[in-house]
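One letter stands for each residue in the lines below.
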Amino acid sequence: MYASCVGKRFQLEHCWVILRKEPKWQFERASQHQRSNKKQKSHVNASSTSSAPSTPDSVNLGEDSEPLIYQDRPIGQKAAKERLKRKQGKDKVGETTVTNILQQFRDTLVEIEDQKKQDRKIMLEQQAMMIQQSQEKQELDRIEKEEQIMKMDISNLDPISAAYFQNRKLEIMQKRGFNY
């Protein structure tokens, strides 16, 4: 067949021996045989060399070929990509799919906002606790310093320092509610 079409002998026969039983080539050979059978039937009615009847399920192409069984031809890469693009296009265009995606996006945004609010609330509570602890610590430090002033012996101090600490003791006592 190759020599009649191209005009020279087929150089890759060793490859043909391996590939001739692959579904792609079975399909090609079967379709070529059907086309040639139609031409032969129109020109030569009963002069077929093959005694086996040709059915849609099997085709005989000569001595070395085996009956071919029609199988679904495997899909090619381009066709697979095109089919995938069409499928994705339908999903993108469909209103329900777009609506579902938008609703999921909105739900996600609401969840994120809720989480942010909770995080802010927790952070503010922690800051309030830290401020309260700091204020309590400052109050304890102030009371401790006042206690030190109240226990201080001012008899050994110079008159100016003794007067200062005496006034501080009086202020502390007035603040606590003791009157002299």
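What you see is a predicted model; the values in this text were computed from it and never measured.

(A) Local environment of the overall build of the chain. The secondary structure content of the chain amounts to 6 helices and 0 strands. Along the chain direction, N to C, the helices and strands of the chain fall in the order α-α-α-α-α-α. Burial analysis of the chain (180 residues in total) assigns 9% to the buried set. Contacts in the chain between residues at least 24 apart in sequence constitute 41% of all its contacts with a sequence separation of at least 6.

(B) Region of interest: the nonpolar core. Ile149, Ile154, Ala162, Phe165 and Ile172 form the largest nonpolar core, which has 5 residues in total. The leading source of residues in this core is helix H6 (residues 159–176), at 3 residues. The residues contacting isoleucine 149, other than those within four sequence positions of it, are Phe165, Arg168, Lys169 and Ile172.

(C) Broad picture of a nonpolar patch on the surface. Judged by side-chain polarity, Tyr2, Val6, Phe10 and Leu12 come together as a nonpolar surface patch covering roughly 340 Å² of accessible area. With respect to the helices and strands, the residue tyrosine 2 is situated in helix H1 (residues 2–6). Note on tyrosine 2: relative accessible area 34%, which makes it partly exposed.

The rules we used
Sequence order as written defines the numbering, with residues in each chain counted from 1. In keeping with the predicted nature of the model, local features appear solely for residues at pLDDT of at least 70, side-chain atom pairs appear and are counted solely at 80 or more, and the whole-chain, interface and lining totals rest on all residues. Side-chain measures here rest on the full set of heavy atoms in the structure, leaving out hydrogens and waters. Labels follow the DSSP assignment, with helices taken as runs of H or I lasting at least four residues and strands as runs of E lasting at least two, numbered in each case from the N terminus. Type-normalised accessible area, obtained with a 1.4 Å probe on protein chains alone, sets the label of each residue: buried when under 20%, exposed when over 50%, and partly exposed for intermediate values. Contact between two residues is taken to exist if any of their heavy atoms lie within 4.5 Å; hydrogens are not considered. For this analysis, a nonpolar core means a set of buried residues of the types Ala, Val, Leu, Ile, Met, Phe, Trp, Tyr and Cys, connected via side-chain atoms within 4.5 Å. Two distance rules govern patches: like charges are joined within 9 Å, and nonpolar side chains (Val, Leu, Ile, Met, Phe, Trp, Tyr) within 5 Å, applied only to residues with over 30% relative accessible area and no salt bridge. Note on areas: Shrake-Rupley, 1.4 Å probe, and residue coverage restricted to the protein chains presented here. Salt bridge, as applied in this entry: a Lys or Arg side-chain nitrogen positioned within 4 Å of an Asp or Glu carboxyl oxygen.

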